[in-house]
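Okay, here's what each chain looks like letter by letter:
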Amino acid sequence: MTETAKHSLDSASAESPNRPSKISKVQYFSDDEGGYDEELVESSVVTRTMSPNPRLQRYLVAIEYIGTRFSGSQKQLTCRTVVGVLEEAFHKFIGQPVSISLSSRTDAGVHALSNVCHVDVERISKRKPGEVLPPHEPAVVRRAVNHFLQKNEGDIMVIDVQCVPVDFHARFKAQERTYFYRLLSGPEPLSTFEQNRAWHVPEQLDLVAMQEACKILVGHHDFSSFRASGCQAKSPIRTLDELSVSEVASTPYFPSIVEREKEVLHEEESCCNNFQTDMASGSISDTNMPGASYIEDVGFGIRKRHRCYVVTARARSFLYHQVRLLVGALKSVGTGDLTVSDVERILKAKSVTAASPMAPACGLYLGRVKYDLP
């Protein structure tokens, strides 16, 4: 495996050209929900291949998955994991073992709209063992791996594949990570379709107060109050490029003809009156939000919908459980258990003991890993 130029490597002049060189300390970007933070790895097993195998093709693979039935992303001997299932599917496809390297680790129960990994594949002829064939096209890799994945639980899928140079590393080359967190607010029990997909908060949430709290937390800070005790990052300093919360339509949502007609009529009557107020406060009118009809009598056999809020957190790297601890604080502000001033006090305390309870894993989604692709 190759390293980025940013990493410090010892001189290899005395090493064998085929022998990997070990790195005593490797610094690289951590992710939020992994089993441990990897900002600093002592006695790293990450190695540099002095003479890359020219017959290997490295693929960058984007995957989506529902985290409910996975015991996290990293491979474990006795548990079902994202990497374990993915490596098994690749093995069935190409007929030999592979090693998957993820861009971002996720804990048990955490979902991914798009996580990214890389894998090296050597295409060997099955008819003539030992004969090396040209690499598979990315579209072929995607279809074939998905074929085997869908024979499993059907809760993971490859969504994109691209050929990359052999030194392109899914973790080291990541420039930015975006997480989403879903909260469903309302007294009604959570829908079967939303089980393990969001955090159900029975209380009403104050959206404006939550947005004010975001302003305190966004930016360059010591986030010691928002990292789990098991975090192994050398430094708690992080730059949170975005932390925002907005209300969106509850899903799954299928408006009736009458609802659509009412919405169009209401928008025509109130658009001009509400535009300036909504833009100034960042809030959405209850009557103008399709998912807000849970407060109305919707008729027999029709479920009353929840208010749906999405927290977006974007940064180059996160501390262990940072996003879930941030969401826990925002939720407490939304319910009135904390004030915006309390959030500022928690941030300055620089101790996780000052923070609100952590949000559960079920509402967290890794949304995007950004690269400057070749």
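Now for a description of the structure that goes with this document. (Residues numbered from 1 in each chain as written. Predicted model: local features only at pLDDT ≥ 70, side-chain atom pairs only at ≥ 80, totals over all residues. Heavy atoms only, no water.)

**A closer look at the nonpolar core**
Counting residues in each nonpolar core, the largest one holds 80 residues, and the members touching the most others are Val 61, Ile 63, Leu 86, Phe 90, Val 145 and Phe 226. When residues of this core are assigned to their parent elements, the largest contribution, eight residues, is made by helix 1 (residues 82-94). (Core = buried A, V, L, I, M, F, W, Y, C linked by side-chain atoms within 4.5 Å. Buried < 20%, exposed > 50% of the residue type's maximum accessible area, 1.4 Å probe, protein only. Helix = DSSP H or I, 4+ residues; strand = E, 2+ residues; numbered from the N terminus.)

**As for the packing of helix 3 (residues 207-217) against helix 5 (residues 322-335)**
Packing of helix 3 against helix 5 brings their axes to within 8 Å, and their N-to-C directions diverge by 140°. Crossing of helix 3 over helix 5 shows right-handed handedness. Where helix 3 approaches helix 5, its residues Ala 209, Met 210, Ala 213, Cys 214 and Leu 217 are matched on the opposing element by Leu 326, Leu 330, Val 333 and Gly 334. Grouping the constituent residues of the contact of helix 3 with helix 5 by class yields eight nonpolar, one polar and no charged. (Axes fitted to C-alpha atoms, helices over the stretch in contact; angles between N-to-C directions. Left-handed = near helix turned anticlockwise from the far one by under 90°. Contact = heavy atoms within 4.5 Å. Nonpolar A, V, L, I, M, F, W, Y, C, P; charged D, E, K, R; others polar.)

**Thoughts on unusual backbone geometry**
Negative phi values dominate among residues other than glycine, just as trans dominates among peptide bonds. For Asn 196, which is not a glycine, the phi torsion comes out positive at approximately 65°. Checked against the element boundaries, Asn 196 lands in the loop between strand 7 (176-185) and strand 8 (199-201). On the basis of relative accessible area, Asn 196 is assigned to the partly exposed category, the value being 38%. Of note in the backbone geometry, His 321 takes a positive phi value of approximately 65° without being a glycine. For His 321, the location among the structural elements is in the loop between strand 11 (307-315) and helix 5.

**Examining the pattern of salt bridges**
Counted according to the given criterion, the structure contains 15 salt bridges. Here Glu 212 and Lys 215 are joined by a salt bridge, their closest N and O atoms 3.0 Å apart. Of the two residues, Glu 212 and Lys 215 are both situated in helix 3; the distance of three residues between them amounts to about one turn of the helix. Put simply, Glu 247 and Arg 307 hold a salt bridge, and the shortest N to O gap is 2.2 Å. Here Glu 247, found in strand 10 (residues 237-248), pairs with Arg 307, found in strand 11; they are 60 residues apart in sequence, far enough to count as distant. Judged by its relative accessible area of 5%, Glu 247 is buried. Through salt bridges that share partners, Arg 69, Arg 80, Glu 153 and Asp 155 make up one connected network. (Salt bridge = Lys/Arg side-chain N within 4 Å of Asp/Glu carboxyl O.)

**Some remarks on the packing of aromatic side chains**
Scanning the model with the defined rule gives five aromatic pairs in all. Consider the rings of Phe 168 and Tyr 371, whose centres lie 5.6 Å apart with planes at 50°: the pair is tilted. In this pair, Phe 168 is assigned in the loop between strand 6 (156-164) and strand 7 and Tyr 371 in the segment after strand 12 (364-370), connecting sequence segments 203 residues apart. Per residue, the accessibility class of Phe 168 equals that of Tyr 371, and both read buried. (Phe/Tyr/Trp six-rings, centres within 6.5 Å; stacked < 30°, edge-to-face > 60°.)

**So, the packing of helix 1 against helix 2 (residues 138-149)**
Close contact between helix 1 and helix 2 brings their axes to 9 Å; oriented N to C, the two are set at 115°. Taken together, the axes of helix 1 and helix 2 are roughly perpendicular relative to one another. Of the two elements, helix 1 crosses helix 2, and the hand of that crossing is right-handed. Contacts between helix 1 and helix 2 involve Val 85, Leu 86, Ala 89, Phe 90, Lys 92 and Phe 93 on the former and, on the latter, Val 140, Val 141, Ala 144, Val 145, Phe 148 and Leu 149. The residue makeup of the contact of helix 1 with helix 2, split by class, is eleven nonpolar, no polar and one charged. (Parallel < 35°, antiparallel > 145°, perpendicular 65-115°, else oblique.)

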